[in-house]
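Examining the three-dimensional arrangement
What follows is the residue order along each chain.
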Amino acid sequence: MWVLWCLAACSGASQEAGSVDAALSNDADAASADAISAAVDGLASDATATLPTLAELQVGELLEIFPGGDTTCALGGKFGFFVRKGKSNKLLLDFQGGGACWNALTCQIGNAICTQDISETEAAVAAGYHEGIYDHANPKNPFADWTHVIIPYCTCDIHWGDAVATYGEGKSAVTIHHKGAVNTQAVLDWVYANMAQPERIFVTGCSAGAYGSIVWSAFVAQHYPGVPVAQLGDSGAGIITPSFLADSFPSWNAAKHLPSFVPGLSAAQLDLPKMVLGDVYHHIASHFPQFTFSQYNTAFDENQTFYFQAMGGSDAKAWNQQMLAAIAKIHSDTPNFRSFVAPGELHCIEPFPQFYQVHVGEQTLVDWVAGLANGTSVTDVACSGDACAVVK
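Residues numbered from 1 in each chain as written. Predicted model: local features only at pLDDT ≥ 70, side-chain atom pairs only at ≥ 80, totals over all residues. Heavy atoms only, no water.

Let's shift gears to the overall build of the protein chain. Looking only at helices and strands, one finds 10 helices and 14 strands in the protein chain. The buried share of the protein chain, taken over its 392 residues, is 57%. Across the protein chain, contacts joining residues at least 24 apart in sequence account for 76% of those joining residues at least 6 apart. (Helix = DSSP H or I, 4+ residues; strand = E, 2+ residues; numbered from the N terminus. Buried < 20%, exposed > 50% of the residue type's maximum accessible area, 1.4 Å probe, protein only. Contact = heavy atoms within 4.5 Å.)

If you walk through the whole model with that rule in mind, you get 3 salt bridges. Note that Lys179 is salt-bridged to Asp162, the shortest N-O span being 2.7 Å. Placement of the pair is Lys179 in the loop between β7 (174-178) and α4 (180-194) and Asp162 in the loop between β5 (147-151) and β6 (163-167), with a sequence separation of 17 residues. Exposure remark for Asp162: the relative accessible area of 11% places this residue in the buried category. Lys329 is paired through a salt bridge with Asp333; the nearest N and O atoms lie 3.0 Å apart. (Salt bridge = Lys/Arg side-chain N within 4 Å of Asp/Glu carboxyl O.)

Turning our eyes to something else, we now look at the packing of aromatic side chains. The full count for this structure, using the stated rule, is 13 aromatic pairs. Taking 4.9 Å as the distance between ring centres and 40 degrees as the angle between the ring planes, the aromatic pair formed by Phe143 and Phe202 counts as tilted. Of this pair, Phe143 sits in the loop between α3 (119-126) and β5 while Phe202 sits in strand β8 (residues 201-206), and the two are 59 residues apart along the sequence. Residue class for Phe143 comes out buried when judged on its relative accessible area of 1%. In this structure Phe202 comes out as buried when scored by relative accessible area, which is 0%. Measuring from centroid to centroid gives 5.6 Å for Phe219 and Phe261, while their planes differ by 85 degrees, and the two rings are edge-to-face. Taken together, the positions of Phe219 in helix α5 (residues 208-223) and Phe261 in the loop between α6 (244-247) and α7 (277-287) put the pair 42 residues apart, joining distant regions of the chain. (Phe/Tyr/Trp six-rings, centres within 6.5 Å; stacked < 30°, edge-to-face > 60°.)

With the rule as written, the count across this model stands at 5 cavities of 30 Å³ or more. In this structure, the largest cavity occupies an estimated 380 Å³ of space. What lines the largest cavity is a set of 28 residues, and nearest its centre among them are Ile158, Tyr211, Gly238, Ile240 and Met311. Taken together, the elements giving at least two residues each to the lining of the largest cavity come down to α5, α6, α7 and α8 (302-310). Counting residues per element, the lining of the largest cavity draws most heavily on α8, at 4 residues. Split by residue class, the lining of the largest cavity holds 20 nonpolar, 8 polar and no charged. (1 Å grid on protein atoms, 1.4 Å probe; cavity = no way out; pocket = protein on both sides within 12 Å on 5 of 7 lines; lining within 4 Å. Points joined across faces, edges and corners; volume = space filled by probe spheres on them. Nonpolar A, V, L, I, M, F, W, Y, C, P; charged D, E, K, R; others polar.)

A word on the packing of α4 against α5. Closest axis-to-axis distance for the α4/α5 pair is 12 Å, and the angle between their directions is 25 degrees. On the basis of their axis angle, the class for α4 and α5 is roughly parallel. Pair α4 / α5 crosses with right-handed handedness. Across from Ala181, Thr184, Gln185, Leu188 and Tyr192 in α4, the residues of α5 making contact are Trp216, Phe219, Val220 and His223. (Axes fitted to C-alpha atoms, helices over the stretch in contact; angles between N-to-C directions. Parallel < 35°, antiparallel > 145°, perpendicular 65-115°, else oblique. Left-handed = near helix turned anticlockwise from the far one by under 90°.)

Turning next to the state of the cysteines. Counted according to the given criterion, the structure contains 4 disulfides. Disulfide pairing places Cys101 opposite Cys107 at an S-S distance of 2.2 Å. The sign of the S-S torsion, about 90 degrees, decides the handedness of the disulfide formed by Cys101 and Cys107: right-handed. Residue Cys101 shares its accessibility class with Cys107, and that shared class is buried. In this model, Cys383 is linked to Cys388 through a disulfide, with the two sulfur atoms separated by 2.1 Å. Its S-S torsion of about 110 degrees marks the bond between Cys383 and Cys388 as right-handed, since a negative value means left-handed. Neither residue differs from the other here; Cys383 and Cys388 are each classed as buried. The connectivity of the disulfides in the protein chain is 1-5, 2-3, 4-6, 7-8, where the numbers refer to bonded cysteines in sequence order. (Disulfide = S-S within 2.5 Å.)

Written out as structure tokens, the structure is:
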């Protein structure tokens, strides 16, 4: 499966902007048809209706919220996000993954290469998905009592886009709404209005969500001066071919929403054809030296290798070498950057049970992430040699 996600999938209830689709508890059994039906009956039809507030939720209650406005999914469907209220005043911002597309070939493949609606996430929530960081009952979960904001992904642009592009011609043409940045800003507007001063913030995401996490962490840190922020990109090393940014990245109009207040990322300073993900990490981390920014990758990530090949790259070995070199480059000039490279080829770790199982030597991933989240100093971790071999 080439969908680079986190949660899995979701409902079929009709949706109206500015409303709550369902009130779902963390318990899988609570997602009953009656509860969903009752919530749907109360949907507001006015796109400008007041959105539900965090104060209205009970601890452990999970809501789907439709912000309306200009938010949308790739094919024009409605966008919504999820909020689970925690016991503490700590905030987890969780960007989902789901691939990407950038030309006629990749965008016409459709859902095989990028997620174009939020139905999978809705289905996972309705089914009570609770693995990895979504297992709020697990005492080992560093985010068990945090307020968890889940930002679904359906725009094929790594949460960076603000464009509408038509790929192909004639009957084969497909129009994609690359509006990931618009959707994310709508979510953050709600967060800013409902959490005036969180105690701590952790910004993360897997696959495409990893890229969302690093760029939007800068905006979050800028909005909350004095609040400790940490970031973790799960399975998003940004290994691309030299022509990709110049030939394809502009389709998303992604440069428009890079944090221009960060030196090196303003429009005047941006050299897009030469930019690599490491530049984004370096500039943002340098602008916020008091915070820690980080990546998690497996040594031979099969899905990142797939996209590397889709862009014209070669094989897993070449991807591995470039991934390690890219991480080393960030380390060389970014003292507040940390990395964890685990054995194998599994793509994404946070949404799965393996989040509690992965280790390199004596260092477990879950404890390493807990350290990041709580502001404890962590060291770089990496498998080496034969220990990095694919884990079956």
